[in-house]
Amino acid sequence: MTHTYKKLGAAFFALLLIAALAACGNNSESKGSSSDSKDQETVTYKAENGNVKIPKHPKRVVVMADGYYGDFKTLGINVVGAPENVFKNPYYKGKTDGVTNIGDGTSVEKVIDLKPDLIIVWTTQGADIKKLEKIAPTVAVKYDKLDNIEQLKEFAKMTGTEDKAEEWLAEWDKKVAAAKTKIQKVIGDKTVSIMQTNGKDIYVFGKDFGRGGSIVYKDLGLQATKLTKEKAIDQGPGYTSISLEKLPDFAGDYIFAGPWQSGGDDGGVFDSSIWKNLDAVKNDHVYKIDPIGFYFTDPISLEGQLKFITESLTK
């Protein structure tokens, strides 16, 4: 009889041990599922291509719209792929490690290999948005719908990183205020122009089309020439195209200028007598901008541009 009780006791203990181990296993599985569930949480975002369910915490973002690369980096979001222009931007030096170059930003095939959980693309980029949507949640953005600061805020809202955006904006305001004080002491109310040449075509920029215009005219409050204000700021897409003969009418006391692209043909503009007779040229107040670095309007590029503009105008 005693022997029988011992057997029953041993069997009961074994059942208790199995139950305890099963409970531990269930707890571990429950914790893992909770973590996985958090990673898989989605939010609905209203994009140009409709309402898109995107990860609440994206881990692998492909930024096909090159101009937004610096926005996502500033917000602390992992970018795994970006177009070639990103790797040519001097202000991104040391900030593209581990990022794959996807070429001109139109190849769907190059995106597939990166296994993204979010894709950012322009509406007019040339990439097949329908095909991209089959790879991962795709957010289409209209290039000029928001200015650079509002776009950063929008991406922050989209990804739940508003704190990162506010942190950068607070620092940016301090940097701008310090630069403004320095620059105004030197140039006062003298005029500043921003120009690029594409062959014989000359483009004069205002405050809304990159090239440092938002810094010069919005943040620093510097003065544009009368015709620049009329043609490139008060109307149009943010720039105006002029002929060489019209150059003296648009040229400011200080000029930021460069070719449309690195090594691009300036059409002889900078060798012309009209250019050489400008007051800014004769007074050595012309500063050559990097066409790629000044194309971007994201936080990282803006910081680089502000530094270059400040150093140029106060040297």
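Residues numbered from 1 in each chain as written. Predicted model: local features only at pLDDT ≥ 70, side-chain atom pairs only at ≥ 80, totals over all residues. Heavy atoms only, no water.

A.B. asks: I'd like a rundown of unusual backbone geometry, residues and numbers included.
C.D. replies: Positive phi outside glycine occurs at Lys115, with the angle close to 50°. Summarising the element assignment, Lys115 is placed in the loop between helix H4 (108–112) and strand E6 (118–122). Notably, Arg211 is not glycine yet its phi reads approximately 60°, a positive angle. Relative to the helices and strands, Arg211 is located in the loop between strand E9 (201–205) and helix H8 (213–219). (Helix = DSSP H or I, 4+ residues; strand = E, 2+ residues; numbered from the N terminus.)

A.B. asks: Lay out helix H7 (residues 162–187) with the relevant residues and their values.
C.D. replies: Taking 1.5 Å per residue as the helical rise, H7 with its 26 residues ought to reach 38 Å, and the 36 Å between its terminal C-alpha atoms agrees with that figure. Among all positions in H7, only Ala165, Trp168, Leu169, Trp172, Val176, Ala179, Ile183 and Ile187 are buried. Packed against the buried residues of H7 are helix H2 (69–74), helix H6 (148–159), strand E8 (192–198), H8, strand E11 (254–259) and helix H13 (299–314). Positive backbone phi, at 60°, marks Gly188, one or two positions downstream of H7. (Expected span 1.5 Å × (residues − 1). Buried < 20%, exposed > 50% of the residue type's maximum accessible area, 1.4 Å probe, protein only. Contact = heavy atoms within 4.5 Å.)

A.B. asks: Explain the packing of aromatic side chains residue by residue, including any values.
C.D. replies: Scanning the model with the defined rule gives 19 aromatic pairs in all. Taken together, a centroid distance of 6.1 Å and an interplanar angle of 45° make the contact between Phe205 and Tyr239 tilted. With a gap of 34 residues between them, Phe205 in strand E9 and Tyr239 in strand E10 (residues 239–242) connect regions that are remote in the sequence. Of the residues examined, Phe205 reaches a relative accessible area of 0% and is grouped as buried. Ring centres of Phe270 and Trp275 lie 4.8 Å apart, and the angle between their planes is 65°; this geometry places the pair in the edge-to-face category. For Phe270, a relative accessible area of 23% gives the class partly exposed. Put simply, the rings of Tyr68, Phe72, Trp122, Tyr143, Phe155, Tyr203, Phe205, Phe209, Tyr239 and Trp260 touch in pairs and so form one group of aromatic residues. The lysine or arginine in question, Arg211, covers the ring of Trp260, its NZ or CZ lying 5.0 Å from the ring centre. (Phe/Tyr/Trp six-rings, centres within 6.5 Å; stacked < 30°, edge-to-face > 60°. Lys NZ or Arg CZ within 6 Å of the ring centre and 35° of its normal.)

A.B. asks: For H6, give the residues involved together with the corresponding values.
C.D. replies: Compared with an ideal rise of 1.5 Å per residue, which puts twelve residues at 16 Å, H6 spans 17 Å between its outermost C-alpha atoms and is within 8% of the ideal. Considered for burial, the residues of H6 that qualify are Asn148, Ile149, Gln151, Leu152, Phe155, Ala156, Met158 and Thr159. Where H6 begins, the capping side chain belongs to Asp147, and its oxygen is found 3.1 Å from the backbone nitrogen of Ile149. (Polar contact = N/O pair within 3.5 Å; in protein donor to acceptor, adjacent residues only side chain to side chain.)

A.B. asks: So what's going on with the side chain of Ser312? Which residues, and what values?
C.D. replies: Summarising the element assignment, Ser312 is placed in helix H13. Judged by relative accessible area, Ser312 falls into the buried class, the value being 7%. Ignoring sequence-local partners within four residues, the contact set of Ser312 consists of Phe256 and Tyr287.

A.B. asks: Any details on the packing of H7 against H13? Residues and values, ideally.
C.D. replies: H13 packs onto H7 with a crossing angle of 15° between their chain directions and a minimal axis gap of 9 Å. One finds that H7 runs roughly parallel with respect to H13. The handedness of the crossing between H7 and H13 comes out as left-handed. Contact with H7, carried on its side by Trp168, Trp172, Lys175, Val176, Ala179, Lys182, Ile183, Val186 and Ile187, involves Pro299, Leu302, Glu303, Leu306, Ile309, Thr310, Leu313 and Thr314 of H13 and no other residues of that element. Residue classes in the contact of H7 with H13 are distributed as twelve nonpolar, two polar and three charged. (Axes fitted to C-alpha atoms, helices over the stretch in contact; angles between N-to-C directions. Parallel < 35°, antiparallel > 145°, perpendicular 65-115°, else oblique. Left-handed = near helix turned anticlockwise from the far one by under 90°. Nonpolar A, V, L, I, M, F, W, Y, C, P; charged D, E, K, R; others polar.)

A.B. asks: So what's going on with the nonpolar core? Which residues, and what values?
C.D. replies: Within the largest apolar cluster, 59 residues are counted, with the highest numbers of intra-cluster contacts made by Phe72 and Ile120. When near neighbours in sequence (up to four residues on either side) are disregarded, Phe72 contacts Val61, Val63, Ile77, Val79, Ile120, Phe155, Met158 and Thr159. Core analysis: the second largest hydrophobic core is formed by 14 residues, Met64, Leu114, Ile119 and Ala140 among them. (Core = buried A, V, L, I, M, F, W, Y, C linked by side-chain atoms within 4.5 Å.)

A.B. asks: Please set out a negative patch on the surface residue by residue, giving values where relevant.
C.D. replies: Taken together, the side chains of Glu162, Asp163, Glu166 and Glu167 make up a negatively charged region of the molecular surface. Among the secondary structure elements, Glu167 is positioned in helix H7. (Patch = residues over 30% accessible without salt bridge, like charges linked within 9 Å, V, L, I, M, F, W, Y side chains within 5 Å. Areas by Shrake-Rupley, 256 points an atom, 1.4 Å probe, with all protein chains shown as cover. Salt bridge = Lys/Arg side-chain N within 4 Å of Asp/Glu carboxyl O. Lys, Arg positive; Asp, Glu negative; His and termini not counted. Charge placed at Lys NZ, Arg CZ, Asp CG, Glu CD.)

A.B. asks: Please set out the side chain of Asp71 residue by residue, giving values where relevant.
C.D. replies: Examined against the element boundaries, Asp71 turns out to sit in helix H2. Buried within the structure, Asp71 lacks any salt-bridge partner; its nearest side chain of opposite charge belongs to Lys153, at an N-O separation of 12 Å. Apart from residues no more than four positions distant in its own chain, Asp71 is found in contact with Asn148, Leu152, Phe155, Asp298 and Pro299.

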